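What the coordinates show
Read off the chains here:
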Amino acid sequence: MSDSDALEDLQSRLAFQEQTLTDLNDVVARQTEQIDRLEQQLRALAGKYRDLRDAVEQSPGEEGGSPADERPPHY
C-alpha cells in the first residue's frame, strides 16, 4: 500500500467517523427532547392522580365512611 493509498484510507475512515458522530449526536438530541416531553407528561399525570386521590379522600363513601372502609360490591 502506497502512502497516497494509506492517506486516502485514513481520510475515508475519518469521514465515516465524523458522519457516525453526527448521526449519533442527532439521535441523542432527539432522545433528549423525547425524555423532556415524557417527563412533562409524567408530571402532569402525577398532578392529576394527586387531584383525583384528594377528591376521593375528601368525598365520603356511600355509607358515610372512607372509601378504604367500604366493602367491595361482591360482598
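Placed above this text is the structure.
The rules behind each value
- Residues numbered from 1 in each chain as written.
- Predicted model: local features only at pLDDT ≥ 70, side-chain atom pairs only at ≥ 80, totals over all residues.
- Heavy atoms only, no water.
- Helix = DSSP H or I, 4+ residues; strand = E, 2+ residues; numbered from the N terminus.
- Buried < 20%, exposed > 50% of the residue type's maximum accessible area, 1.4 Å probe, protein only.
- Areas by Shrake-Rupley, 256 points an atom, 1.4 Å probe, with all protein chains shown as cover.
- Salt bridge = Lys/Arg side-chain N within 4 Å of Asp/Glu carboxyl O.

1. Topic: the overall build of the protein
Across its full length, the protein carries one helix and zero strands. For the protein, buried positions account for 3% of its 75 residues. For the protein, the computed accessible surface area is about 7200 Å², with 53% contributed by carbon and sulfur atoms.

2. With respect to the pattern of salt bridges
A full pass over the atoms with the stated rule returns two salt bridges. Between D54 and R53 there is a salt bridge, with its nearest N and O atoms 3.8 Å apart. A residue is classified by how much of its surface remains accessible, and D54, at 31% relative accessible area, is partly exposed.

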